[in-house]
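Per-entry structural report
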Amino acid sequence: MTDDDTSGVTRRTVGDAETRRASRRWWDRDADDYQDEHGEFLGDVDFVWCPERLREADARLLGDVSGRRVLELGCGAASASRWLATEGARPVALDLSAGMLRHAAWTADKTGVRVPLVQADALALPFADDAFDIVCTAFGAVPFVADSAAVMREVYRVLRPGGQWVFSVTHPMRWIFLDDPGEGGLTATHSYFDRRPYVEQDADGVPSYVEQHRTVGDRVRELVGAGFRLRDLVEPEWPEGHEQLWGQWSPLRGQLFPGTAIFVSDKPLITS
């Protein structure tokens, strides 16, 4: 997404093991800076789906969560899980990064809202079949694994029939442009169909950050292939008066094209 000529940045295929190592190291190392930069925006006890500031309290994409068993993938500091707990849900917050879960534990102490925290890989969820009523994530897990179709299958496994799977990711069309919130980010630069991930790497070619790209069609096929029924695709509009930048997200770009895609799906009821 950033110019391929930048030192240490490229687009190339990266396997599962390399991706997992890079993601764990990156989020462990970046956890403090990430919370310093974005913690106030995300809140201590809130569920914010995206930089467009769409909140679950307003959108209600998950419906009534009271009494529901909820798994939050890629939870970061787990602000969404804590909000779900205050709504009467029974959440579990999962992340690959010990650094991010450390912030989740600190904020639980700060707010008094505690949820179970689990360090695990989204490709191998440590839960029984049909364990949850809802699985959700706001920009967690899905873009940071090489085989996101396998994540869909794992989510399907741990969801009960009739359960919901809702996740937000960077809108696939954003991959056409540079990561620039200003005028430079308005010119199409990359092919939408180039599925090679964005990779930051050291001088030896060892990845330090890997983010995957899939087209809208790819995401739909991943969901349907896992057995899900896609119910909605939400593309949040940039709200009037919202001036806060978040990386490549800005009022300038947000008024012209979407920055986030939220896939709303469910696991069909199985009848004999």
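Refer to the structure above for everything that follows.
As the structure is a computational prediction, the values presented were derived from the model and not from experiment.

**Things to note about the sheet that holds strand β5 (residues 132-138)**
Ordered by their spatial adjacency, seven strands build an open sheet running β4-β3-β2-β5-β6-β10-β9, and the pairing between neighbours is mixed. Bordering the open sheet on either side are β4 (117-119) and β9 (229-234), each of which pairs with just one other strand. Across the sheet, the mean angle from the axis of one strand to that of its neighbour is 20°, orientation sign disregarded. Of the strand pairs in this sheet, strand β3 (residues 90-95) and β4 are connected by three bridges, and their pairing is parallel. Across the sheet, the residue bridging to A93 is L117, located in β4.

**Brief notes about the packing of helix α5 (residues 148-158) against helix α6 (residues 216-226)**
Packed helices, taken two at a time, are described by their axes: the angle between them and the distance between them. Two elements in contact, α5 and α6, have axes separated by 9 Å at closest approach and are oriented at 35°. α5 and α6 meet at a crossing whose hand is right-handed. Along the contact surface, α5 presents S148, A149, M152, R153 and Y156, while α6 presents R219, E222, L223 and A226. For the contact of α5 with α6, the class distribution of residues is five nonpolar, one polar and three charged.

**Quick notes on the side chain of Q212**
Mapped onto the elements of the fold, Q212 is located in the loop between β8 (207-211) and α6. Q212 sits in the buried class, given a relative accessible area of 6%. Dropping the residues within four chain positions of it, Q212 is found in contact with V14, T19, P143, V145, A146, W175 and P197.

**Re the nonpolar core**
Formed by 26 residues in total, the largest nonpolar core has its most connected members in L71, L73, F127, V135, V155, W165 and F167. Contributions of two or more residues to this core are made by β3, β5, α5, β6 (159-170), α6 and β10 (260-266). Those residues in contact with V155 that sit more than four places away from it in its chain are L73, L125, V135, W165 and F228.

**Observations regarding the packing of helix α1 (residues 16-42) against helix α4 (residues 98-111)**
Interaxial distance between α1 and α4 falls to 6 Å at its minimum, and their mutual angle equals 40°. With respect to α4, the element α1 is oriented oblique. In contact with W27, D28, A31, D32, Y34 and Q35 of α1, α4 contributes A98, G99, M100, R102, H103 and W106. Within the contact of α1 with α4, the residues separate by chemical class into six nonpolar, three polar and three charged.

**Points about the sheet that holds strand β1 (residues 9-11)**
Spatially, three strands are ordered β1-β7-β8 in an open sheet, and the strand pairing comes out antiparallel. The sheet is open, and its two borders are formed by β1 and β8, each paired with just one other strand. Ignoring which end each strand starts from, the neighbouring axes of this sheet average 25° apart.

**Brief notes about helix α3 (residues 79-86)**
Among the eight residues in α3, six count as buried, and that is most of the element. Burial in α3 covers these residues: S79, A80, S81, R82, W83 and L84. The inward-facing, buried residues of α3 abut α1, α2 (56-59), β2 (69-72), β3, α4 and β5. Count one or two residues on from α3 and you reach G88, which has phi positive near 95°.

**Notes on the pairing of strand β7 (residues 198-201)**
Two elements, β1 and β7, share three bridges in a ladder whose sense is antiparallel. By the bridge assignment for β7, T10 is matched with V199. Direction of pairing for β7 relative to β8: antiparallel, over a ladder of four bridges. Counted as the bridge partner of Y198 is E211 from β8. Between β7 and β8, which follow one another and run antiparallel, lie five residues, and G205 among them has a positive phi close to 80°.

**As for the packing of aromatic side chains**
Scanning the model with the defined rule gives 16 aromatic pairs in all. Arranged with centres 5.8 Å apart and planes meeting at 80°, the rings of F139 and W249 form a pair that is edge-to-face. Residue F139 is located in the loop between β5 and α5, and its partner W249 is located in the loop between β9 and α7 (251-254); the two are separated by 110 residues in the primary sequence. Summarising the aromatic geometry, the rings of F167 and F263 are spaced 5.1 Å apart at their centres and angled 15° between planes, so their arrangement reads as stacked. Here F167 is found in strand β6, whereas its partner F263 is found in strand β10, with 96 residues between them in sequence. For F167, a relative accessible area of 0% gives the class buried. Within the aromatic cluster, the residues linked to one another by ring pairs are W26, W27, Y34, F41, F144, Y198, Y209 and W246. Cation over ring: K267 sits above Y156, and NZ or CZ is 4.4 Å from the ring centre.

What counts, and where the lines are drawn
Residues numbered from 1 in each chain as written. Predicted model: local features only at pLDDT ≥ 70, side-chain atom pairs only at ≥ 80, totals over all residues. Heavy atoms only, no water. Pairing = 2+ DSSP bridges. Helix = DSSP H or I, 4+ residues; strand = E, 2+ residues; numbered from the N terminus. Axes fitted to C-alpha atoms, helices over the stretch in contact; angles between N-to-C directions. Left-handed = near helix turned anticlockwise from the far one by under 90°. Contact = heavy atoms within 4.5 Å. Nonpolar A, V, L, I, M, F, W, Y, C, P; charged D, E, K, R; others polar. Buried < 20%, exposed > 50% of the residue type's maximum accessible area, 1.4 Å probe, protein only. Core = buried A, V, L, I, M, F, W, Y, C linked by side-chain atoms within 4.5 Å. Parallel < 35°, antiparallel > 145°, perpendicular 65-115°, else oblique. Phe/Tyr/Trp six-rings, centres within 6.5 Å; stacked < 30°, edge-to-face > 60°. Lys NZ or Arg CZ within 6 Å of the ring centre and 35° of its normal.

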